[in-house]
Amino acid sequence: MGKLIKMDFYRLFQSKTFWISAAVMFLLQGITSFSMPILQKNLLKFASVPVEDANELFDSKLSEIFSSPMMSFFMLIMFISATTFLFADIRDGYIKNFAGQIARKGYSAISKFIVVCVHNAVFMLLALSGNILGVLLCPDASLIVDSAVGSGIVVFFVKLMLSFAMTSIILFLTTGLRNKTLASVVGVLFSVSALGLLYMALNQLLSMVGVKDFDVSNYAPDQLFGSQFDTAAVGAVINAVIVSIVFIAVFVGLTVAIFNKRDVK
């Protein structure tokens, strides 16, 4: 297993897609954080609103940046890179060179998931760094180190776990089902929160069969990722962690089971 993980890390760090996507993520988050206060200030001036009365609008609390390190749409960049990495060994066919030499082929899926979790952590940290740097460089913005930074860090790690859960689904689609196209589509749907309509439909169906007061979106990692968490409401944080663990266990487990039974081609 250790050699598989080392090999997958080597593949990841040799990937141009990974480095380009990571750089784009950092730059886009930095540009967004830098430009938004300037845009807001100019819009207020255009509306003849005294800027002095709205200076607090341009302040960014560090706790809020930790809580929302990455815009949901920018997750698309992370998922494109993850999908490319997870499917590369199957696409290029070199998985055949080592799959027969390991005790269980499913170890390859576990190795890839471990490495892609580090991949996601890199993207989340780069998004966080880009946000902070953009605010610091912006002449119209101020960074406030508030007392809720600890809570923000907790939420950051919760959202990181939710990103692992979503990526476990992409692992299942790329490695288990060998369908990169479907994995890419799912990554896009996660990024634009397009599955919200599906969850609403499921809620209606459940209501029709007598299941009341149940919201599917409360147990969907993509919807939870975009939520605003209050760490004082411990139940919501625990729910998100449990959802992440369940999704990871189910989809990584399914991937391993399918990969163990399937012939490597």
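Residues numbered from 1 in each chain as written. Predicted model: local features only at pLDDT ≥ 70, side-chain atom pairs only at ≥ 80, totals over all residues. Heavy atoms only, no water.

**A word on the environment of Ser184**
Threshold: Secondary structure is summarised from DSSP: a helix means a run of H or I of at least four residues, a strand means a run of E of at least two, and numbering begins at the N terminus for each. For every residue, the accessible area obtained with a 1.4 Å probe (protein chains only) is divided by the maximum for its type, and the residue is called buried under 20%, exposed over 50%, and partly exposed between those limits.
With respect to the helices, strands and loops of the structure, Ser184 is situated in helix α8 (residues 180–191). When its relative accessible area of 32% is taken as the criterion, Ser184 is described as partly exposed.

**Topic: the packing of helix α7 (residues 149–176) against α8**
What counts, and what does not: Angles run from 0 to 180 degrees between N-to-C directions of axes, and those axes are lines fitted to C-alpha atoms, restricted for helices to the stretch in contact. Geometric relationships in this document are graded by angle, where less than 35 degrees denotes roughly parallel, more than 145 denotes roughly antiparallel, 65 to 115 denotes roughly perpendicular, and other angles denote oblique. The crossing is said to be left-handed when, going from far helix to near helix, the turn is anticlockwise and less than a right angle, and right-handed when the turn is clockwise. In what follows, residue pairs with any heavy atoms lying within 4.5 Å of each other are defined as contacts.
Where α7 meets α8, the axes come as close as 8 Å, and the angle between the chain directions of the two elements is 160 degrees. With respect to each other, α7 and α8 are oriented roughly antiparallel. Judged by the twist between their axes, the crossing of α7 over α8 is right-handed. Together, Met166, Ile169, Ile170, Leu173 and Thr174 of α7 and Lys180, Leu182, Ala183, Val186, Gly187 and Phe190 of α8 make up the contact between the two elements.

**Quick word on a nonpolar patch on the surface**
For clarity, the threshold we go by: Patch definition: residues with relative accessible area over 30% and no salt bridge; like charges joined within 9 Å; nonpolar side chains (Val, Leu, Ile, Met, Phe, Trp, Tyr) joined within 5 Å. Here the accessible surface of atoms and residues is derived via Shrake-Rupley with a 1.4 Å probe, and residues count as covered only by protein chains that are part of the display. When a carboxyl oxygen of Asp or Glu lies within 4 Å of a side-chain nitrogen of Lys or Arg, that pair is called a salt bridge.
Taken together, the side chains of Leu198, Leu202, Leu205, Met208, Val209, Val211, Phe214 and Tyr219 define a hydrophobic patch exposed on the protein surface, amounting to about 770 Å² of accessible area. As for its placement among the helices and strands, Met208 is situated in helix α9 (residues 196–208).

**Considerations on the packing of aromatic side chains**
The cut-off we apply is this: Geometry of aromatic contacts follows a simple scheme: Phe, Tyr and Trp rings, the Trp one being its six-membered ring, pair when their centres are within 6.5 Å, and the pair is stacked under 30 degrees between planes, edge-to-face over 60, tilted otherwise. Counted as over-ring charges are cases with an Arg CZ or a Lys NZ within 6 Å of the ring centre that also lie within 35 degrees of the ring normal.
Taken as a whole, this structure holds 12 aromatic pairs when the rule is applied. For the ring pair Phe79 and Phe190, a centre distance of 6.0 Å and an interplane angle of 55 degrees mean the geometry is tilted. Here Phe79, found in helix α4 (residues 75–92), pairs with Phe190, found in helix α8; they are 111 residues apart in sequence, far enough to count as distant. Judged by its relative accessible area of 1%, Phe79 is buried. In this structure, Lys159 packs its charged tip against the face of Phe225, placed 5.7 Å from the ring centre.

**Topic: helix α2 (residues 16–46)**
Quick reminder of the rule: By this rule, a helix spans an expected 1.5 Å times one less than how many residues it contains. Bend, at a single residue, is the angle you get between axes fitted to the 7 residues ending at that residue and the 7 residues starting at it.
Across its 31 residues, α2 extends 43 Å between first and last C-alpha, which sits within 8% of the 45 Å expected from 1.5 Å per residue. Residue Ser35 marks the point of greatest curvature in α2, where the axis turns by about 30 degrees; the proline Pro37 follows within four residues. The set of residues buried in α2 consists of Phe18, Ser21, Ala22, Met25, Gln29, Gly30, Ser33, Pro37 and Leu44.

**Concerning the packing of α4 against α7**
Direction vectors running N to C along α4 and α7 enclose 35 degrees, while the axes themselves pass 10 Å from each other. Both α4 and α7 take part in a crossing whose hand is right-handed. In this structure, α4 contributes Met75, Met78, Phe79, Ala82, Thr83, Leu86, Phe87 and Ile90 to the contact, and α7 contributes Ser163, Met166, Thr167, Ile170, Leu171, Thr174 and Thr175.

**Focus: the side chain of His119**
Mapped onto the elements of the fold, His119 is located in helix α6 (residues 106–137). Each residue touching His119, except ones within four places of it in the same chain, is listed here: Leu12, Phe18, Met78, Ser81 and Ala82.

**A closer look at the confidence of the model for the protein chain**
Predicted coordinates in regions of low pLDDT should not be interpreted in detail. We count it as follows: Looking at any residue, its pLDDT shows the predictor's confidence there, from 0 to 100.
In the predicted model, the protein chain carries a mean pLDDT of 89, and 91% of its residues have values of at least 70. Mean pLDDT across the elements of the protein chain bottoms out in helix α5 (residues 96–99) (57) and peaks in α7 (96).

**A look at the side chain of Asn203**
Filter applied, for reference: As used in this structure description, the phrase polar contact means that two N or O atoms lie within 3.5 Å; if the pair is within protein, one of them must be able to donate a hydrogen and the other to accept it, and residues adjacent in sequence are counted only when both atoms belong to side chains.
Along the chain, Asn203 falls in helix α9. Within polar-contact distance, the side chain of Asn203 engages the side chain of Asp215 at 2.9 Å. A polar side-chain atom of Asn203 sits 2.8 Å from the main-chain amide nitrogen of Val216. Apart from residues lying up to four places away in sequence, Asn203 is in contact with Phe214, Asp215 and Val216.

**A few points about the nonpolar core**
The nonpolar side chains of a soluble globular protein tend to be buried, and buried together. For clarity, the threshold we go by: To form a nonpolar core, buried Ala, Val, Leu, Ile, Met, Phe, Trp, Tyr and Cys residues must be joined to one another through side-chain atoms within 4.5 Å.
In terms of nonpolar packing, the biggest core is built from 62 residues, with Met70, Phe113, Phe123 and Phe229 touching the most fellow members. Looking at this core, the element that brings in the most residues is α7, giving 14 residues.

**Notes on unusual backbone geometry**
A positive phi angle, close to 55 degrees, is found at Ser193, a residue other than glycine. Along the chain, Ser193 falls in the loop between α8 and α9. At Asp213, a position not held by glycine, the phi torsion is positive, near 55 degrees. You can see Asp213 is positioned in the loop between α9 and α10 (221–225). With a relative accessible area of 85%, Asp213 lands in the exposed category.

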